[in-house]
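# Notes for the structure review
Given next are the chains, with one letter for each unit.
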Amino acid sequence: MSFDDTFIPYGRQSIDDDDIASVVDVLRSDWLTTGPKTAQFEKDICDYVNVAHGVAVSSGTAALHCAVVVAGVEEGDEVIVTPITFAASANCVLYRNAMPVFADVDYATMLMSPDSVKQKITSKTRAVIAVDYAGQPCDYMALRQICDQHDLVLIADCAHSLGADINGVSPATIADLATFSFHPVKHITTGEGGMVVTNDGARSERMRRFRNHGIDVDHAQRAREGAWMYGMVELGFNYRMTDFQCALGSSQLRKLDGWIARRREIAHMYDEAFSSLSALESLVTRSGVNHAHHLYVLRLSQKFNSGHRQEVFDSLRRQQIGVNVHYIPVYRHPYYQQNVNTSAIRCPNAEAGVDRIISLPMHSALTDAQIGRVIGAVKNALIELERR
Ligand SMILES: Cc1ncc(COP(=O)(O)O)c(C=O)c1O
């Protein structure tokens, strides 16, 4: 299936001939998985985000699972997470039979609020998982200070923020562990894929083992040493990434800066077009932040509600604009309602803003003409809304 000329998806990959050639080369080579291209992609991402060790895995979700394991999250622990994210950011805590505790967000940015994090800390808290919602890094300086004061591990879920920084500093260098996703709607893709980066060598070694069933030597090492013996020393998973995916990742990464520049241009065009519309209330970008613009989120102003959002959504879809909603607060999902005690959760800022948000198309291949169509369609939808 391909999108025809009229429908504009909210996100999609860009694949060129170099990307395809890089994958084909690997398919013709000796190593299809966890070989030289995996090591190269790990190094390429580490160099890009300025962190020492990278462990490539099969998805961003697998990356989060690895991160909570080496953060020492165990049964009965609590981990503070944001509700404004994809469920995987909190599910990884449940994988450990630990409890996600939802901190509120700052209303203006929809990013995890450091003040709320402070209030949620108990003697059981082991870690904090911050999410760079839409591509804007969280307030990592404040979160780092809180985590240091309370001896907590800081995990940055950077699935949206590859290429973002705070005054030139990558969030991955401030957190203890940072995770990435290479799903097709992300800045670069490997089809499916993810990575955890850290400056902690011991943690990275444990994650290499964990992604490989918990086995202490991988197949490349055994081939080099001409040995057959291996030991499974802990219960791990098969979270390995193939070499053809990693070759694609390295090829994509070479184009990332240009793609982010285009995303910033698009965000600027949207900002300019919408700044005077009273039906909208923009999300704020914090000062010093270089936003990676994974998502462009519109928020209807406070006189509107979720019903109005639905009307705008429907109107845009009718006009062939592939809008979406990021996100349903994690604790509202049926699984959480049934399996996690959600009755005491209080996230008033998240609740106040989340039912009025809509994500517009945002990806580097959007043409100016398509952006013009999105802008026109949004204005039409808002005129319809105001008229009623
Ligand atoms: C914030 C966030 N974290 C984690 C993930 C999970 O990544 P993946 O789909 O690669 O497992 C996603 C994916 O959409 C995400 O948006």
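Conventions used here
Residues numbered from 1 in each chain as written. Predicted model: local features only at pLDDT ≥ 70, side-chain atom pairs only at ≥ 80, totals over all residues. Helix = DSSP H or I, 4+ residues; strand = E, 2+ residues; numbered from the N terminus. Rg over C-alpha atoms; globule rule 2.2 N^0.38 Å. Buried ≥ 20, exposed ≤ 12 C-beta atoms within 10 Å, placed from the backbone. Near = placed C-beta within 6 Å. Nonpolar A, V, L, I, M, F, W, Y, C, P; charged D, E, K, R; others polar. Domains from an automatic or database assignment. Contact = placed C-beta atoms within 7 Å. Pairing = 2+ DSSP bridges.

## Focus on the overall build of the protein
- A tally of regular secondary structure across the protein gives 15 helices and 11 strands.
- The C-alpha radius of gyration computed for the protein amounts to 21 Å, which stays within 12% of the reference 21 Å derived for 388 residues, consistent with globular compactness.
- Relative to its full complement of 388 residues, the protein shows a buried share of 48%.

## Focus on the site of the ligand
- What surrounds the ligand is a group of 14 residues, the closest being S59, G60, T61, A159 and S181.
- Those elements that provide at least two residues to the shell around the ligand are α3 (60-70) and α4 (88-95).
- A breakdown of the residues in the shell around the ligand according to their chemical character gives 4 nonpolar, 9 polar and 1 charged.

## Notes on the domain arrangement of the protein
- Domain parsing of the protein yields domain 1 (17-253) and domain 2 (256-387).
- Every contact between the two is made by 31 residues of domain 1 and, on the other side, 29 residues of domain 2.
- Those elements that place two or more of their residues in the side of domain 1 that touches domain 2 are β6 (165-166) and α10 (243-253).
- The class makeup of the residues in the side of domain 1 that touches domain 2 is 17 nonpolar, 10 polar and 4 charged.

## Observations regarding the pairing of strand β8 (residues 194-198)
- Counting buried positions along β8 yields 5 of 5 residues, so the element is predominantly enclosed.
- Of the two faces of β8, the one lined by G194, V196 and T198 and the one lined by M195 and V197 are each fully buried.
- As paired elements, strand β1 (residues 53-57) and β8 share 5 bridges and run antiparallel to each other. The partner of A56 across the bridge, within β8, is M195.
- One ladder, built from 4 bridges, connects strand β7 (residues 177-181) with β8; its direction is antiparallel. Considered in β8, the bridge of A178 is made with V197.

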